[in-house]
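Coordinate analysis (summary)
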Amino acid sequence: MRYRSLAFIPLMAGFTLVPVFHAQPPEPPKQKELSWDVLLKRYNDLNAATATDHCSGDQIDGLASLFRNIENQVVDEYANIDIGEMNVSAEWHRQIIREKPIVTGTQANTVVDRIMRRLVPKMQNPVYRHQYWVVRSDEINAFAIMGGRLYVHTGILNFVNSEDELAFVLGHELGHNEKRHCVRSVQKMVFLESALGEYGALAANMANVIGAPFGQMDEYEADEYGLRLMRAAGYDPNRALDFFRKLKTRESYDTFEKLTRSHPYSAQRENCLLKIINEG
Ligand SMILES: [Zn+2]
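So, here's what we can say about the structure. Bear in mind that the values here come from a model prediction, so they are computed numbers and not experimental data.

1. Looking at the overall build of the chain
The number of helices and strands found in the chain is 11 helices and 4 strands. Buried residues in the chain amount to 40% of all 280 residues.

Shown next, in the form of structure tokens:
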């Protein structure tokens, strides 16, 4: 598959402390001159902003983080690539419903519907018209793809002990969509490939993007979004902590969005949420 080699490149989509909502469709590509001065300035700005951020400053450091942040900045600044988001999303959706058993009319659908009907109206200036599906699978998982589509495995409904917990998970996935993490992952893939001198049309490389970790910053950002959204919708944010307390007892690399080494551990995510809850 064309992009397979890129699947191993850390795809840290979307590190923006001040979220930028792009109008649809995405703006055409803009070309700017690359310079180290510009990159270093961006990095210093990023560090200054990070110091006041909830969770990122003290937990994510080191060279890997530096390079990922610069990579994000480069993609954001220099490669706002039009990937045909809505068309790609529709194609991926066709693949998903071909390959995964979608369930309708079950208790799980009722619960997910009920939660989404409370969450979505509380979203401020949503970018997307959100759509969602329930997938029959024992895997504790939920995932979002670009274009405002998200999918919930029945396994996660069995894992949670309350609708509040599930509201957090759904809010988290809505956050990935609204913050356009998936779009930026694909933009980065295309940008990196073109930077390597090999151009190609964006094929339906869903497996690589969904299989790739969003990265720690994106997870924290989606966690915060989910927590604030569930709270706005009247759910108990403390139940989001329950979710991570349970998850960390079975921390492994195959739960919750295919946890990987670049995925923050549940204990860290729980601490971050606790800070946000305490801040009110
Ligand atoms: Zn996530």
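2. So, the packing of helix α6 (residues 163-178) against helix α10 (residues 238-249)
Remark: α6 packs on α10, axes separated minimally by 8 Å, with the N-to-C direction vectors making an angle of 80 degrees. The orientation of α6 relative to α10 falls into the category roughly perpendicular. The residues of α10 that touch α6, namely those facing Asp164, Glu165, Phe168 and Val169, are Arg239, Ala240, Asp242 and Phe243. Classifying every residue of the contact of α6 with α10 by side-chain character gives 4 nonpolar, no polar and 4 charged.

3. Section: the sheet that holds strand β4 (residues 149-153)
One open sheet accounts for 4 strands, arranged β1-β2-β4-β3; its pairing is mixed. Each edge of the open sheet is held by one strand with a lone partner, namely β1 (102-103) and β3 (142-145). Two strands pair when backbone bridges link them, and β1 and strand β2 (residues 131-135) are joined in this way by 2 bridges, in the antiparallel orientation. Bridging from a neighbouring strand, Ile102 pairs with Val135 of β2. Taken strand by strand, helix α4 (residues 107-119) contacts β1, β2 and β4, and its axis lies near 155 degrees from that of β2. The strands touched by α6 within the sheet are β3 and β4, with β3 carrying the most contacts at an inclination of about 20 degrees.

4. As for the pairing of β3
Pairing of β3 with β4 involves 4 bridges; the strand directions are antiparallel. Bridge assignment links Ala144 to a residue of β4, and that residue is Leu150. Here β3 folds back onto β4 in antiparallel fashion, the turn holding 3 residues, of which Gly147 has a positive phi close to 85 degrees.

5. Re unusual backbone geometry
Negative phi values dominate among residues other than glycine, just as trans dominates among peptide bonds. Within the chain, Asn125 stands out as a residue other than glycine whose phi angle is a positive 50 degrees. In this model, Arg180 sits at a positive phi of 60 degrees, which is unusual for a non-glycine residue. Residue placement: Arg180 occurs in the loop between α6 and α7 (181-195). Judged by the 23 C-beta atoms lying within 10 Å of it, Arg180 falls in the buried class.

Rules used throughout
Residues numbered from 1 in each chain as written. Predicted model: local features only at pLDDT ≥ 70, side-chain atom pairs only at ≥ 80, totals over all residues. Helix = DSSP H or I, 4+ residues; strand = E, 2+ residues; numbered from the N terminus. Buried ≥ 20, exposed ≤ 12 C-beta atoms within 10 Å, placed from the backbone. Axes fitted to C-alpha atoms, helices over the stretch in contact; angles between N-to-C directions. Parallel < 35°, antiparallel > 145°, perpendicular 65-115°, else oblique. Contact = placed C-beta atoms within 7 Å. Nonpolar A, V, L, I, M, F, W, Y, C, P; charged D, E, K, R; others polar. Pairing = 2+ DSSP bridges.

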